[in-house]
Amino acid sequence: MLLPMQKRVYVMNCRIMNPPASPVIIIPARMAAARLPGKPLADIAGKPMIQHVWERARSSAASAVVIATEDARVAEVCEAFGAEVCMTSDAHESGTDRLQEVVSKLGLADDEIVVNVQGDEPLLPAAAIEQVAENLAARPAAGIATLKEAIHDAETVFNANA
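Undergrad: Quick one: what's the story with the overall build of the chain, residue by residue and with numbers?
TA: A count of helical and extended segments in the chain gives five helices and eight strands. The proportion of buried residues among the 162 residues of the chain is 44%.

Below, the structure written as C-alpha cells:
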C-alpha cells in the first residue's frame, strides 16, 4: 500500500537510469551516527566520504545535488569542495525527515522528483540514481520508492552491517 506524501521521495540504499525529468538529489549527512560518529567526514582515499557520495551524485543526470546536514563542520567541508548545503534541524530521527525539511526549505514543486542518496554510499553508481528517478517519473501515483536487492542467505538477513 502506498501512503500519500506531499513530495515524491526515493529513500535509497542502492542504485539508479536516465530519467525524462532531471531529479533533485538530497544527501542527508549526520555527524552523530550511532555506529560511526563523524561518518560524513571519514577519510576515504584522501577525501571525506561525503565528497565521494556528492561526486557520484553529481555524475548523474540530476538538476541539483544538495547536502542536508545539522552540523556546521560538515557544512564547512562540503562548501569547501563546492557542494550546495542546506542546514537542518538536529532533532530529526531519520534521513527522510531531514530530506523533507530540505524539500520544504527549497520550495520544491509537489511533482518534483527527489532522490534521497544515503550519505554513506560512496560507491553508488549514478545509473542507480537515474533508474529510481526514471521509475518515479513513469509512475506518478508513487509517492516513494526504494530499490532493493534480493537476499539469498540467512546470514545476510541477520547481518546488521549488510
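Undergrad: Tell me about the side chain of Glu-101, residues and numbers included.
TA: Mapped onto the secondary structure, Glu-101 falls in helix α3 (residues 95-106). When sequence neighbours within four positions are dropped, the list of residues in contact with Glu-101 reads Met-87, Thr-88, Ser-89 and His-92.

Undergrad: Go over helix α4 (residues 126-138) with me, naming the residues and quoting the values.
TA: Its 13 residues place the ends of α4 18 Å apart at the C-alpha level, agreeing with the 18 Å of an ideal helix rising 1.5 Å per residue. If you check which residues of α4 are buried, you get Ala-126, Ala-128, Ile-129, Glu-130, Val-132, Ala-133 and Leu-136.

Undergrad: Give a detailed account of the nonpolar core, specifying residues and quantitative values.
TA: Soluble globular proteins: nonpolar side chains tend toward being buried together. Core analysis: the largest hydrophobic core is formed by 27 residues, its most contacted members being Ile-25, Ile-27, Ile-67, Cys-78 and Val-117. Of all the secondary structure elements, the ones that give two or more residues to this core are β2 (24-29), α1 (49-58), β5 (64-69), α2 (72-80), β7 (113-117) and α4. Counting residues in hydrophobic clusters, the runner-up holds 10 residues, among them Val-66, Val-102, Val-103 and Val-114.

Undergrad: Lay out the layout of surface pockets in plain terms, naming residues and giving numbers.
TA: For the second largest pocket, the calculated volume is near 360 Å³. Lining the second largest pocket we find 15 residues, and of these Arg-30, Ala-33, Lys-39, Gln-118 and Asp-120 sit closest to its centre. For the lining of the second largest pocket, the elements supplying multiple residues, two or more each, are β2 and α3. Considered class by class, the residues forming the lining of the second largest pocket number five nonpolar, four polar and six charged.

Undergrad: Report on the pattern of salt bridges, specifying residues and quantitative values.
TA: Evaluation of the coordinates by the stated rule reveals four salt bridges. Of the charged contacts in the structure, one is a salt bridge between Asp-120 and Lys-39, with a shortest N-O distance of 3.0 Å. One end of the pair, Asp-120, is in the loop between β7 and α4; the other, Lys-39, is in the loop between β2 and β3 (43-44), with 81 residues separating them in the sequence. Overall, Asp-120 belongs to the partly exposed group, its relative accessible area being 34%.

Undergrad: Lay out the pairing of strand β6 (residues 84-87) in plain terms, naming residues and giving numbers.
TA: As paired elements, β5 and β6 share four bridges and run parallel to each other. Within β6, the residue paired with Val-66 across the bridge is Glu-84. This β-α-β element, β5 to α2 to β6, shows right-handed connectivity.

Undergrad: Kindly report on the pairing of β7, identifying the contributing residues and their values.
TA: Burial of β7 is extensive: five of the five residues sit out of reach of the surface. On β7, burial covers both faces: Ile-113, Val-115 and Val-117 on one face and Val-114 and Asn-116 on the other are all buried. Taken together, the three bridges between β2 and β7 define a ladder with parallel strand orientation. Pairing of Val-24 across the sheet is with Val-114, part of β7.

Undergrad: Any chance you could break down the side chain of His-52 for me, citing the residues and the numbers?
TA: Within the secondary structure, His-52 is located in helix α1. Its relative accessible area of 17% is what places His-52 among the buried residues. A polar side-chain atom of His-52 sits 2.7 Å from the main-chain carbonyl oxygen of Ile-44. Look past the residues within four positions of His-52 in its chain and what remains in contact with it is Ile-44, Lys-47 and Pro-122.

Reading the values: the criteria
- Residues numbered from 1 in each chain as written.
- Predicted model: local features only at pLDDT ≥ 70, side-chain atom pairs only at ≥ 80, totals over all residues.
- Heavy atoms only, no water.
- Helix = DSSP H or I, 4+ residues; strand = E, 2+ residues; numbered from the N terminus.
- Buried < 20%, exposed > 50% of the residue type's maximum accessible area, 1.4 Å probe, protein only.
- Contact = heavy atoms within 4.5 Å.
- Expected span 1.5 Å × (residues − 1).
- Core = buried A, V, L, I, M, F, W, Y, C linked by side-chain atoms within 4.5 Å.
- 1 Å grid on protein atoms, 1.4 Å probe; cavity = no way out; pocket = protein on both sides within 12 Å on 5 of 7 lines; lining within 4 Å.
- Points joined across faces, edges and corners; volume = space filled by probe spheres on them.
- Nonpolar A, V, L, I, M, F, W, Y, C, P; charged D, E, K, R; others polar.
- Salt bridge = Lys/Arg side-chain N within 4 Å of Asp/Glu carboxyl O.
- Pairing = 2+ DSSP bridges.
- Right-handed = clockwise from strand over helix to strand, strands pointing away.
- Polar contact = N/O pair within 3.5 Å; in protein donor to acceptor, adjacent residues only side chain to side chain.

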